[in-house]
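This is what each chain is made of:
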Amino acid sequence: MAALAAITLTLSAANVLAQKDPEVGGAAMFPTKNIIQNAVNSPDHTTLVAAVKAAGLVDTLSGPGPFTVFAPTNEAFAKLPEGTVDTLLKPENKDQLVKILTYHVVAGKISSKELKAWIKKGKGTYTAKTVEGGSLTFTEEMGKIKITDEKGGSAWITTADVFQSNGVIHVIDTVLMPS
């Protein structure tokens, strides 16, 4: 019995050591770091990081939270009409940029498992209030979570459950727009 327990403990320890922190854009994301500390290391989120800096949200997203961030990739920002990102990054458009970025944040640390459970409980849909004050609607199709914004646009979660010390990031493929 003691030998079996020792083998089980050894295998469990080996499994824990073998687990890797999730990667985003090829960069490790560490659960001991906050959202900003991890995001700056993701080559897929340089536009988002630049936008967060321009909006003055670095301190907020480095704070205790917890926050659930639906983080658009550089490719997601590239889908916007030409010149949109450059225009939003200008100081005179800071209020609009803050509105768009905080629309991608929900208070709390919400996992994809929780989202799927709430979608099921809501008979196929779940709506969450964003930090910006608007709402995002979540549905599930073929095991993937789809997010619909107030303007009818939609994004898919492409990498879920990137846990941080102050919340969780879900990588998305499209920038969401508030009304």
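Before reading on, note that the structure itself is shown above.
Remember, it's a predicted structure, so these values are computed and weren't measured experimentally.

Q: Explain the pairing of strand S3 (residues 67–72) residue by residue, including any values.
A: Across the six residues of S3, six count as buried, placing the element largely inside the fold. Across the two faces of S3 the burial is the same, with Phe67, Val69 and Ala71 and Thr68, Phe70 and Pro72 all buried. Sheet topology places S3 next to strand S4 (residues 105–107); three bridges connect them, and they run antiparallel. Residue pairing across strands places Thr68 opposite Val106, the latter belonging to S4. By the bridge criterion, six bridges tie S3 to strand S9 (residues 167–172) in an arrangement that is parallel. When the sheet's bridge partners are listed, Thr68 is paired in S9 with Val168.

Q: Tell me about the packing of aromatic side chains, and please be specific about residues and values.
A: For the structure on display, the rule yields three aromatic pairs. Ring geometry for Phe70 against Phe138: centres 5.4 Å apart, planes inclined by 45°, an arrangement best described as tilted. Highlighted residues: Phe70 in strand S3 and Phe138 in strand S6 (residues 135–141), separated in sequence by 68 residues. Comparing Phe70 with Phe138 shows no difference in burial state: the two are buried.

What counts and what doesn't
- Numbering of residues starts from 1 in each chain and follows the order in which that chain's sequence is written.
- Selection of residues for local features in this predicted model requires a pLDDT of at least 70, selection of side-chain atom pairs for listing and counting requires 80 or more, and totals for whole chains, interfaces and linings are taken over all residues.
- Where side-chain values are given, they derive from all heavy atoms of the structure, hydrogens and water being excluded.
- Under the scheme applied here, a residue whose accessible area is under 20% of the maximum for its type counts as buried, over 50% as exposed, and between as partly exposed, the area being computed with a 1.4 Å probe on protein chains only.
- A run of H or I in DSSP counts as a helix once it spans at least four residues, and a run of E counts as a strand once it spans at least two, with each numbered from the N terminus.
- Two strands form a pair only when DSSP identifies at least two bridges running between them.
- Side-chain rings of Phe, Tyr and Trp, where Trp is taken by its six-membered ring, are said to pair if the distance between their centres is within 6.5 Å; with planes under 30 degrees apart they count as stacked, over 60 as edge-to-face, and otherwise as tilted.

By themselves these figures say nothing about function.
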